[in-house]
Structure formats: structure tokens, C-alpha cells
Amino acid sequence: MLRLPMTRSVVLVAVASLAAGCGGEAPPGSPGRSASYDALTALFAEWRAFHRPPLADGVPDYSARAMEAQYRELRRYQERLAAIDASAWPIAQQVDYHLVRAEMNGLEFDHRVLRPWARNPAFYVQVFSSQSDTPAHEGPHTYGAIELWTYRFPLDSAAAARLRAELATVPKLLQQARTNLDEDPRDLWLAGIRAVADQASDLRALATRVAGTSPELDRDIQRAIEATDGFRAWLEAEAPSRTGRSGVGIDNYDWYLANVHLVPYTWRDLVTIMQRELARAHAALRLEEHRNRHLPPLVPVASAAEHSRRFNAAVTEYMAFLRDRQIVSIRDYMDQALRERLGQFSPAEPREFFSEVDYRAPVIMRTHGYHWFDLARMAREPHASPIRRGALLYNIFDTRAEGLATGMEEMMMHAGLLDSRPRARELIWVLLAQRAARALGDLYMHANQFTMDQAIKFAVEWTPRGWLRPDGSTVWGEQHLYLQQPSYGTSYISGKIQIEQLMAVRARQLGDDFSIKRFMDELNATGVIPVSLIRWELTGQDDEIKALLAAQR
């Protein structure tokens, strides 16, 4: 059983949750209990408004004073949640209760442990040039992000005015950050310098793109660039004095898994799982290579015309496979969701890791593109529950979003997608090895057994074919994300395994009535939420959630 550090507020919510989520009576002396699901949804709306930081001069306020006030008020929200009695509700509504509980625990963990506003310079990166393929940005970031990908260029006057207002917050926020960042985790600090430099590059690209739109916009972009460059220089000057550890430690990692991401594994469980998957991937790759040793190697895409032809053909092939093999119910928006994300050909070599895979067998990464199905479904077919309609806070969605996208690669191979191209099967194992190696980096960094440099070196050494370059942006960006967001690096594989386990349980429950299409449709219908809660909702089995709750006591 997990042994986790506790706070008074978590104990209160945990005890109430055992009664609310899994049957039983409220403990004697507990607050008055409400049995209304409407009370939960109303609290959820208030909670989301409260979660946003206060604004000071139009800029989110992450000062020590503001954060201390938020932490004090958080306890009241947790107590209000504990006062809601969900024990008689349908399972789907009880699941919603635990989603709200997990989000509140996420903010508690931010205040007790992560403290990104005080520890993590990359928290203050505001400018994002591309859309995440998950329901929200991976990792922590400030309220009021500037999403350049949402703008249509050339900008009209209204859009230019909106962008100017957003850019005006950059210098103010970065000035505030110099006061707020008063802790000394070395790896987060050094990696944050790279992230801030990337923001400066994005702003310079924006300046070129909109040059001449208006003198005012040009001026505001230049001010944001100067502020970002100045912040980077300050970080570099401060770096020698920042010598502390960046990982959260094993006990805190376990608490986060159980209370926020609702993952039924401990840090030690995940080390064992990832070591096993890493070995399995390498062994399977060698067997595939042996079987295919007389076949010609896969030839990468070599031109823009070939890129367009092969990538579009991959979407056509994959959509036909899903439909004809009855893998999942097809929606009109799914084809478009994949075609809009095909990218453009780049002749630059060496390529980043995923491009090495994509350029050799474009259909493989279309399976991982299940992410885009998820986002399109959320927009076109919003969930009936307001709690599941949008993105969950703290990347609580990761085991489902990343686990299913990663799982589809191997599952579709087993379902026959790559039968006509045996050498492409090798790439599935290359992908799995890379995911397992970087996940171990996540685990060892947070245990403070690896520095970020060591995690990068480990991932590079254990990724086959030399495609994960130590000087590439992929490995740096991934390990930095996982250091900022505990357990995210493990979610690709832990989520995949949970989904496979869920499939096994549903197949036993349904017998002859089971089908892959029914399973996938059920999975989609629950929304992008932790797999442990999906399991409870689909199977009626509450053993995982009970174990997670019991671990808090």
C-alpha cells in the first residue's frame, strides 16, 4: 500500500471521498452533507473561476502574497467538496466528483511541492506558436497564454488589437517573475533558459510575419522581445547561484500519482514497468530485424511532392482501415482532423526523432494522431458533463490522451495495419523503446537519482538507430517537460497498459458481445479522463479507485 505524506485538508477530503465515491456513511462530526449533483457542478464552476490567479495591472499575480492567499482559500473549496455526498449517485456522476477532487489536489500539490511560480522559469513562457495535440498545454504555465496558432494571418484590425493587448503583458509578467523566482532548482533553471530563448525566437518570427501591419504592433512585439531577452540574461546571471535539486522525491511522486493523476501504480511500480517495456521493445526490434533481414530498408520521403502524396495516402489508408476493420465508429470530422496536421516537407538533416519515423512510414504516426480525433470530438461532440467538457487541469487527462495515442500504434500493428510492410513493424518497437527510455528519465530525475543531462544521455543511448540526437530539440523538450510535470513521461506507457487491461476486463465481461469497435466507442464516450475512472465507469469495478483512496489514509 502507498504511504503518502498528508495534510489536514487532504485527510478530510479522502475520508469523505471513501464514503462519497465507494459507498458508506459520512464519519461522525463531518460537515452537513449535500446529495445534489447540481451542487457539484455549481462548485466546479466556482472552483474553476477561483483557480485563476488574481490580476494585477492586467497581469496574473503569482506573488508570494497572492499565492499564500490562494492556498488558504483552497482548503475551503476542499471542505465544500467533502461536504457533498455522492454515495447514491450513478457511477458516471461519482466519477465527476473524483475529477473535481483530483483537480483540487493538483493545486494543493502546486502549493506544497511544485511551486512553479517560485521554482520554474519556464512557467513564465507565455507565447505558443503551435497547438498542443492534447486537450491543454503539457506542463505548467501561467494564466493568459498567447496562442499565436489561433490567429489568422494577415491580421485584421481587431485581431491586431487583441494581439497587442496580449503582448503588453509580457514585459510586466517577466518583471514580476524576477521577484517570484526565489528558489534554486538547478536543472529547472538551466532548462528554463532554453525555453525563454525559444520564446524570443517565436517573437522574432512573429515580428517578421506581421511586419507592416501597424507601427503599434511592431513596437509591442519589439518590447516583448526586449523583455524576453532581458529575462534570459537575468536567468543566465543568476544560474551559478541556483544549485538545488529539481525532482519532487519518491514520496511526493507517489502522492501525485494517487491523488492527482489517479494512477494505480507507485514510483517503484512504474520503474519496473518501464524497464520491462524497454527490454521488450529492444528484443522485439531485434526479432523483427532478423525476420526482415533480406528485405530492402524503408526509404524516407525525399521531396515536397512525395511528402504530400505519401502523407495524404497514409490518411486515406488509415481511415479505410479503421472503417473496414470496424475498429471504431467513423465521424465526418476525423479525416479532416488528420489531414490538417500533416505538416510540410523539410529537407534539413539530420531530422528530429519522430520525423525519422514519420518520413519512413507515414501511416504509423497517423495512428498516434488519435489525439486529433479526441480534440475534434471535444469540439464537435462535447460531453454532456460540464466537468468533462473541456480540458482537465494539471494534465490529469494524460493516461487517456497519451496512453491511447501511444497504444494505437502497437494495437493497430497487431490488428493488421502493417501486414503489407514488415519493415514498418520495426518502427513500432523503436517508438516504444524511446517512450520507455524517456519515462525512466522522468522517474529517475524526480527521485533525484538523475540530473536532466543524465536523463537525456540515458534516453539517447537507449533509443535505437541513433535517431534521438543529444543536440536535438526533441530530447531536451521532453525531459524538460517531464521534470516540470511529474508522471507525464510515464503516462504514454502506463496509460497504454491500463487501456490494455481495461480491454481484457471488458472482453471477459461481454463475452461474445465484445468487439473492438464497441470497446473503442465506449472509451470515447467517457471523455478524456484518467483511465482508472474510465475503468470504473465501464466495468463497475471500483477496486482501483478504492485502493487509491485508501492509500491516502
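1. Let's talk about the overall build of the protein
1) Next: Helix and strand content of the protein: 25 helices and four strands.
2) Next: In terms of C-alpha radius of gyration, the protein reaches 24 Å, essentially the compact-globule figure of 24 Å for 553 residues.
3) Next: When the backbone C-alpha atoms are referred to their principal axes, the protein occupies close to 75 × 65 × 45 Å.
4) Next: When each of the 553 residues of the protein is scored for burial, the buried share is 58%.
5) Next: Considering only contacts in the protein between residues 6 or more positions apart, those separated by 24 or more positions represent 79%.
6) Next: Entry remark: accessible area of the protein is about 22,500 Å², with carbon and sulfur atoms responsible for 51%.

2. As for the side chain of R351
1) Next: Among the structural elements, R351 can be located in the loop between helix 13 (332-339) and helix 14 (353-358).
2) Next: One polar contact links the side chain of R351 to the main-chain carbonyl oxygen of S346, over a distance of 3.4 Å.
3) Next: Here R351 is in contact with V301, F345, S346, E356, Y359, W467 and R469, once residues within four sequence places are set aside.

3. Some thoughts on the packing of helix 4 (residues 91-114) against helix 10 (residues 250-259)
1) Next: As a packed pair, helix 4 and helix 10 sit with axes 9 Å apart at the nearest point and diverge in direction by 160 degrees. Between helix 4 and helix 10, the interaxial angle falls into the category roughly antiparallel. Handedness of the crossing formed by helix 4 with helix 10: left-handed. Facing helix 4, whose interface residues are R101, A102, N105, E108, F109, R112 and V113, helix 10 presents N252, W255, Y256 and N259.
2) Next: In the contact of helix 4 with helix 10, the residues fall into five nonpolar, three polar and three charged.

4. A look at the packing of aromatic side chains
1) Next: Applying the stated rule across the entire model yields 25 aromatic pairs.
2) Next: Summarising the aromatic geometry, the rings of W189 and W234 are spaced 5.6 Å apart at their centres and angled 55 degrees between planes, so their arrangement reads as tilted. On the criterion of sequence distance, the pair formed by W189 in helix 8 (residues 186-210) and W234 in helix 9 (residues 215-238) is long-range, its members being 45 residues apart. Of the two residues, W189 and W234, both sit in the buried class.

5. Remarks on the environment of E500
1) Next: As for its position among the elements, E500 is in helix 22 (residues 488-510).
2) Next: Between the C-alpha atoms of E500 and R72, which are 428 residues apart in sequence, the distance is 41 Å.

6. Thoughts on the packing of helix 10 against helix 11 (residues 267-291)
1) Next: For the pair helix 10 and helix 11, the least separation of the axes is 9 Å and the interaxial angle reads 85 degrees. With respect to each other, helix 10 and helix 11 are oriented roughly perpendicular. For the pair formed by helix 10 and helix 11, the contact residues are I250, Y253, D254 and L257 on the first element and W267, R268 and L270 on the second.

7. Points about the nonpolar core
1) Next: Grouped together as the largest cluster of nonpolar side chains are 134 residues, with contacts concentrated most on L40, W47, Y318, L322, I364, M408 and M412.
2) Next: In this structure, Y318 is in contact with L338, V363, R366, T367, F373, M408, M412 and L417, ignoring residues within four places of it in sequence.
3) Next: Counting residues in hydrophobic clusters, the runner-up holds 40 residues, among them Y62, L163, V196 and I221.

8. Side note on unusual backbone geometry
1) Next: Here the bond from F153 into P154 is cis, since omega is 0 degrees, no more than 30 degrees from zero.
2) Next: Residue placement: P154 occurs in the loop between strand 4 (146-147) and helix 6 (157-167).
3) Next: Looking along the chain, the bond that leaves E349 and enters P350 is cis, with omega of 0 degrees.
4) Next: Position of P350 among the secondary structure elements: in the loop between helix 13 and helix 14.
5) Next: Phi is positive for D57, close to 60 degrees, though the residue is something other than glycine.
6) Next: Unlike most non-glycine residues, Q326 shows phi in positive territory, near 55 degrees.
7) Next: With respect to the helices and strands, the residue Q326 is situated in the loop between helix 12 (304-324) and helix 13.

9. Here we look at the pattern of salt bridges
Any two side chains of opposite charge can pair, so long as their charged atoms come close to each other.
1) Next: With the rule as written, the count across this model stands at 45 salt bridges.
2) Next: Across the salt bridge formed by R388 and D96, the nearest N and O atoms sit 2.7 Å from each other. Of this pair, R388 sits in helix 17 (residues 386-389) while D96 sits in helix 4, placing them 292 residues apart in sequence.
3) Next: The class of R388 is buried, set by a relative accessible area of 4%.
4) Next: For D96, a relative accessible area of 2% puts it in the buried group.
5) Next: The residue D324 makes a salt bridge to R323 at a minimum N-O spacing of 3.3 Å.
6) Next: By relative accessible area, which is 49% here, R323 ends up partly exposed.
7) Next: In the salt-bridge network here, residues are joined through shared partners; they are E277, R280, E410, K496 and E500.

10. Points about the side chain of S532
1) Next: As for its placement among the helices and strands, S532 is situated in helix 24 (residues 531-539).
2) Next: Once you skip the residues sitting within four places of it in the chain, S532 turns out to touch L262, Q498, E544 and L548.

11. Side note on the confidence of the model for the protein
1) Next: Residues of the protein with pLDDT of at least 70 account for 93%, and the chain-wide mean is 94.
2) Next: In this model, residues 1-15 is a region of pLDDT below 50 whose contacts with residues beyond four sequence positions or in other chains number 37 contacts.
3) Next: Across residues 23-31 the pLDDT falls below 50, and counting only partners more than four positions away or on other chains, this stretch makes nine contacts in the model.

12. Overview of helix 23 (residues 516-525)
1) Next: Those residues of helix 23 that sit buried are F519, M520, E522, L523 and N524.
2) Next: As for helix 23, its buried residues are in contact with helix 16 (370-380), helix 18 (398-415), helix 22 and helix 24.
3) Next: Positive phi shows up at G527, right after helix 23, with a value of about 95 degrees.

13. A few points about the environment of T490
1) Next: Along the chain, the position of T490 falls in helix 22.
2) Next: Considering only alpha carbons, one finds T490 and M274, 216 residues apart in sequence, at a separation of 7.8 Å.
3) Next: With near-sequence residues (within four places) excluded, T490 lies in contact with Y253, L270, M274, A439, D442 and L443.

Thresholds applied
Here the residue numbers are simple positions, counted from 1 along each chain's written sequence. Totals for whole chains, interfaces and linings use all residues, but because this is a predicted model, local features are given only for residues with pLDDT of at least 70 and pairs of side-chain atoms are given and counted only at 80 or more. To get the side-chain values, all heavy atoms of the structure are used, and hydrogens and water are removed first. Secondary structure elements follow DSSP: runs of H or I of four or more residues count as helices, runs of E of two or more count as strands, with numbering from the N terminus. The size measure is the radius of gyration over C-alpha atoms, and the globule rule it meets is 2.2 Å times the number of residues to the 0.38 power. Using a 1.4 Å probe on the protein chains alone, a residue whose accessible area is under 20% of its type maximum counts as buried, one over 50% counts as exposed, and one in between counts as partly exposed. Throughout, a residue-residue contact means that at least one pair of heavy atoms, one from each residue, lies within 4.5 Å. Each accessible area is a Shrake-Rupley result for a 1.4 Å probe, and residues are judged covered by the shown protein chains and nothing else. Side-chain atoms alone can form a polar contact between residues adjacent in sequence; in general such a contact is a pair of N or O atoms within 3.5 Å, and within protein one must be able to donate a hydrogen while the other accepts it. For helices, the fitted axis covers only the stretch in contact; all axes are lines through C-alpha atoms, and the angles between them, taken along N-to-C directions, range from 0 to 180 degrees. In what follows, roughly perpendicular refers to angles from 65 to 115 degrees, roughly parallel to angles under 35, roughly antiparallel to angles over 145, and oblique to any angle outside these ranges. It is the rotation of the near helix from the far one that decides the hand of a crossing: anticlockwise by less than a right angle makes it left-handed, clockwise makes it right-handed. Three residue categories are used. Nonpolar comprises Ala, Val, Leu, Ile, Met, Phe, Trp, Tyr, Cys and Pro, charged comprises Asp, Glu, Lys and Arg, and polar comprises the others, including Gly. A pair of Phe, Tyr and Trp rings is counted when the ring centres sit within 6.5 Å of each other, with Trp represented by its six-membered ring. The angle between the planes then sorts it: under 30 degrees is stacked, over 60 is edge-to-face, the rest tilted. Only buried residues count toward a nonpolar core, which is a set of Ala, Val, Leu, Ile, Met, Phe, Trp, Tyr and Cys residues joined through side-chain atoms within 4.5 Å. Salt bridges are identified by distance alone: a Lys or Arg side-chain nitrogen within 4 Å of an Asp or Glu carboxyl oxygen. Confidence of the predictor at the level of single residues is captured by pLDDT, which takes values from 0 to 100.

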